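Understanding the architecture of this molecule
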Amino acid sequence: MELTELKGIGKNTAEKLSQLGIDGVMDLLFHLPLRYEDKTKITPIEDLIGFSYAQIEGEIVKSYVTQGRRPILVCEVDDGTEVMQLKFFNFYYSQKIKMSSGLRIRAYGEVRHGMYGMEIIHPEFSLGEKQPALAKSLTPIYPKSEGISQKLLQKATAQVVELLRKGGFDLQELLPADWLVKHQMPTLFDALLFVHQPPPDADVSKLLDQTHPAQQRLKIEEILAHFLAMHQARSAVEQLYAEALPIKDTQRKKLLARLPFQLTDAQNRVVTEIHEDMARNHPMQRLVQGDVGSGKTVVAALAMQAALSHGKQSVMMAPTEILAEQHLITLKEYFPDENLVFLSGKAKGLHRAEILGQIAKEARIIIGTHALFQADVEYHDLALVIIDEQHRFGVHQRLKLKQKGQTDHNMPHNLIMTATPIPRTLAQIAYANLDISVIDELPPNRKVINTLLLDNQKMPQLADRIRHACERGEQAYWVCTLIEESEHLRAKAAEDTFVALKEWFPDMEIGLIHGRLKSEEKQLIMNRFKANEIQLLIATTVIEVGVDVPNASLMVIENAERLGLSQLHQLRGRVGRGNRQSHCVLMYQSPLTENAQIRLQTMRETNDGFKIAQQDLKLRGPGEILGTRQKGSMEFRFSNPEQDAQLFEQAKIMAKELLKNQPGICKKIILRWQKQAKELAKV
Ligand code: ADP
Ligand code: MG
């Protein structure tokens, strides 16, 4: 059945859905809710603290538009328990008129603690005395992409689920029946019905935590598909050839002599592992894990040196433009005699054509963003592909770059680097197709970052701290952390803070950076921050990865209690890079949940990424999945390697058994879950 046969889906929408990987009705069935919205109740405003998302209802007591560069429509709502603000950054004046005082409003959205108490930014809302009845069951929220509304996905999926209910699909149960019985898990059929339309009496808290048996049933099959595909991919690569690139000791020493430091033992060990791989004529498939600041860039450079010594091309890809440019600067120092070529989305027209010409000919060291794997980028004799901060790339992007320089029998060596502090055991599960090296040591003389916790109420104390740091010539980051999925709203919230902080520090140079800026604008701001022309940088989490400004010694993170440990650790890693004593202030809203308390305490007590990762794993229990970024966790649509560790263990065992006893089923499982399975099988 075609998607366009569903009500409400025309040709255009079908095309957009296809960008989400949904090409048919069956795909829609496996496009599972990421989370649920609980619109079955109204929360009194006075009880909002501790909620991430909530629905409120009350009377509009005041609505006004703030003055400033970008006006904000503020609507104050009183529900008899307390007053809160709803804020709209994009609004029509007609909307302002509609929001007149005395009217009843019901609003749903992400609750945050703003500068002036509780607020919801851009809530969904309905106005009027007569509000619709509360929802009877949880509302599924699907992963979506540009141009597809949540409502559309909900409506389309509801139709497909109806079809399923009526027996419209030939849905083969692939998991062994005795296994389902033993683990008391529902069949695929029942599980799918359940997750798309949880009945009114469903165990809400389990569903929200994604620990409901119906969800687990689906997850385990997805995980199984992952292991099986990994296995397939690994055996496929083992068949391929790569040019052997043994490095001579003189070549290695040549680069080492240019460094202003000595490699740590850990760096040396990992470099040796890489060079051993590259000396073989099978493609290297190595993941280097190293905590923030452990010095991965130089390790990558030494791998490039091996390729270079054979006159071969290497390419290094970073997930953000900011980071790629930074690598360019660093690598220029390491390879002063080479003509380094840089390609990002910024390059256009003739300039781009010229760069592509160099890549197709003599360039031997190439650096850039995902622009590097666009179809028309042709490499000359690509021998090494390095992907930095790989967790930031989707599996498709990675595959595309891998396929560059690849023929039916040949493939470049592959080096994948990540700072995601995931415990080794877990990494082995998630990267079952890769060899793993760990840089488990930081360069000497690093000063431990001093981390403080500060209640939002004491925010004024911060002003002095920031001022003093900047007067001493140091610099600071202020990170705004709206966990809202929309980059747009995150940017707006940062702008809001920017305006407020300008009032605090009228004579300081303050910058603002977020994902909605053009890349030149971002680069300009980063350059000015690097040059110490900006003293205080207000940023969204765009600065999370890789950024290296050693003079920045103070970081303030707003609403830190909302973030997961790994993300906090990554963010904090932006300071403590020079030889000054650095500080990180984690702002929070009390009262804290017990879980949040442990997280913040962990951050205060340790700077060790692996310890933090262990703790993270322990903590990701109930309630934590809401609001954590799906992006951060591998390439799963539904499962979360950190949260579902136990399912991973189970799936690993099951995968072994299936591979041995039922290879036919294995293929079916892979195909059902991994659209990229075919591509994976090719690498
Ligand atoms: P990562 O990418 O692992 O977060 P980087 O490669 O950006 O870390 O290195 C962080 C900083 O440490 C850089 O300024 C780098 O020059 C420096 N560095 C790397 N290795 C060493 C070392 N062995 N000794 C001293 N400094 C080092
Ligand atoms: Mg790095």
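What you see is a predicted model, and the numbers here were worked out from it, not measured in a lab.

1. Focus: the overall build of the chain
Counting its secondary structure elements, the chain contains 24 helices and 21 strands. Compactness check: the chain gives a C-alpha radius of gyration of 26 Å against a globular reference of 26 Å for 683 residues, within 12% of the reference. Across its three principal directions, the C-alpha atoms of the chain cover 80 × 70 × 50 Å. Taking contacts inside the chain between residues at least 6 apart in sequence as the whole, the part at least 24 apart equals 76%. Separation of charge centres in the chain, based on 85 positive and 84 negative side chains, amounts to 2 Å.

2. Focus: the pairing of strand 2 (residues 53-65)
Looking at chain direction, strand 2 and strand 5 (residues 104-114) are connected through 7 bridges and run antiparallel. In the strand pairing of strand 5, A54 is matched with G109.

3. So, the packing of aromatic side chains
What the rule picks out here adds up to 7 aromatic pairs. Ring geometry for W504 against F505: centres 6.1 Å apart, planes inclined by 75°, an arrangement best described as edge-to-face. The rings of W478, W504 and F505 are connected pair by pair, giving a single aromatic cluster. Sitting above the plane of the Y53 ring, R35 keeps its charged end 4.9 Å from the centroid. The ring of Y108 has K39 lying over it, and the distance from NZ or CZ to the ring centre is 5.1 Å.

4. What to know about the side chain of S314
You can see S314 is positioned in strand 10 (residues 313-317). Here S314 falls in the buried class, since its relative accessible area comes to 1%. Beyond its immediate chain neighbours, meaning those up to four positions away, S314 contacts M304, A307, R364, I365, I366, L382 and L384.

5. Description of the nonpolar core
L3, L28, L29, L192, L218, L224 and I669 are the most contacted members of the largest nonpolar core, which totals 58 residues. When residues of this core are assigned to their parent elements, the largest contribution, 9 residues, is made by helix 8 (residues 213-238). Those residues in contact with L28 that lie beyond four places of it in its chain are L3, L6, I22, L153, A156, T157, V160 and H196.

6. Description of the packing of helix 8 against helix 22 (residues 645-661)
Remark: helix 8 packs on helix 22, axes separated minimally by 9 Å, with the N-to-C direction vectors making an angle of 55°. As summarised for this structure, helix 8 and helix 22 are arranged oblique, according to the angle between their axes. Here the hand of the crossing between helix 8 and helix 22 comes out right-handed. The segment helix 8 lies against helix 22, with Q216, K219, I220, I223, L224, F227, L228 and H231 engaging L647, F648, Q650, A651, K652, M654, A655, L658 and L659. Grouping the amino acids of the contact of helix 8 with helix 22 by side-chain chemistry returns 12 nonpolar, 3 polar and 2 charged.

7. Here's the deal with the side chain of K219
Considering the arrangement of structural elements, one finds K219 in helix 8. Here the side chain of K219 touches Q210 through a polar contact of 2.8 Å, landing on its backbone oxygen. In this structure K219 touches Q210, F638, S639, Q643, D644 and L647, once residues within four positions along its chain are discounted.

8. Notes on the site of ligand 1
In the vicinity of ligand 1 there are 16 residues, among which Q262, G293, K296, T297 and R446 approach most closely. Within the backbone of G293, an N or O atom sits 2.7 Å from an oxygen atom of ligand 1. Taking R446, its side chain carries an N or O atom lying 2.7 Å from an oxygen atom of ligand 1. Here ligand 1 occupies the second largest pocket. Its residues placed into classes, the shell around ligand 1 shows 4 nonpolar, 7 polar and 5 charged.

9. Side note on the layout of surface pockets
Estimates place the volume of the second largest pocket at around 1,100 Å³. Residue lining of the second largest pocket: 36 residues in total, with F261, Y334, R446, D548 and R577 positioned closest to the centre. Secondary structure elements with two or more residues in the lining of the second largest pocket: helix 11 (296-308) and helix 12 (321-334). The leading source of residues in the lining of the second largest pocket is helix 12, at 7 residues. Residue classes in the lining of the second largest pocket are distributed as 12 nonpolar, 15 polar and 9 charged. Both of domain 3 (263-439) and domain 4 (450-606) provide at least three residues apiece to the lining of the second largest pocket.

10. Some words on the pattern of salt bridges
Considering all chains together, one arrives at 35 salt bridges under this definition. For R672, the salt bridge identified is with E221, shortest N-O distance 2.7 Å. Of this pair, R672 sits in helix 23 (residues 663-673) while E221 is found in helix 8, placing the two residues 451 residues apart along the sequence. For the pair formed by R672 and E221, the shared burial category is buried. Between R234 and E238 there is a salt bridge whose closest N-O contact spans 2.9 Å. Here R234 and its partner E238 are both found in helix 8, 4 residues apart, which amounts to about one turn of the helix.

11. Digging into the sheet that holds strand 13 (residues 382-387)
Strand order across the open sheet formed by 7 strands is 11-12-10-13-14-9-15, with parallel pairing between neighbours. Each edge of the open sheet is held by one strand with a lone partner, namely strand 11 (340-343) and strand 15 (435-439). Along the sheet, successive strands turn relative to each other by an average axial angle of 20°, direction set aside. The sheet contact formed by strand 10 and strand 12 (residues 365-368) spans 4 bridges and is parallel. What sits directly across from V315, in strand 12, is I366. This element, helix 12, spans strand 10, strand 11 and strand 12 of the sheet and lies at about 180° to strand 11.

12. Some words on the domain arrangement of the chain
On domain assignment, one finds that the chain holds domain 1 (3-37 + 138-209), domain 2 (45-127), domain 3 (263-439) and domain 4 (450-606). For domain 1 versus domain 3, the distance between C-alpha centres works out to 37 Å.

Basis of the calculations
- Residues numbered from 1 in each chain as written.
- Chains lettered and ligands numbered in written order.
- Predicted model: local features only at pLDDT ≥ 70, side-chain atom pairs only at ≥ 80, totals over all residues.
- Heavy atoms only, no water.
- Helix = DSSP H or I, 4+ residues; strand = E, 2+ residues; numbered from the N terminus.
- Rg over C-alpha atoms; globule rule 2.2 N^0.38 Å.
- Contact = heavy atoms within 4.5 Å.
- Lys, Arg positive; Asp, Glu negative; His and termini not counted.
- Charge placed at Lys NZ, Arg CZ, Asp CG, Glu CD.
- Pairing = 2+ DSSP bridges.
- Phe/Tyr/Trp six-rings, centres within 6.5 Å; stacked < 30°, edge-to-face > 60°.
- Lys NZ or Arg CZ within 6 Å of the ring centre and 35° of its normal.
- Buried < 20%, exposed > 50% of the residue type's maximum accessible area, 1.4 Å probe, protein only.
- Core = buried A, V, L, I, M, F, W, Y, C linked by side-chain atoms within 4.5 Å.
- Axes fitted to C-alpha atoms, helices over the stretch in contact; angles between N-to-C directions.
- Parallel < 35°, antiparallel > 145°, perpendicular 65-115°, else oblique.
- Left-handed = near helix turned anticlockwise from the far one by under 90°.
- Nonpolar A, V, L, I, M, F, W, Y, C, P; charged D, E, K, R; others polar.
- Polar contact = N/O pair within 3.5 Å; in protein donor to acceptor, adjacent residues only side chain to side chain.
- Near = heavy atom within 4 Å.
- 1 Å grid on protein atoms, 1.4 Å probe; cavity = no way out; pocket = protein on both sides within 12 Å on 5 of 7 lines; lining within 4 Å.
- Sits in = over half its atoms within 2 Å of the grid points.
- Points joined across faces, edges and corners; volume = space filled by probe spheres on them.
- Domains from an automatic or database assignment.
- Salt bridge = Lys/Arg side-chain N within 4 Å of Asp/Glu carboxyl O.

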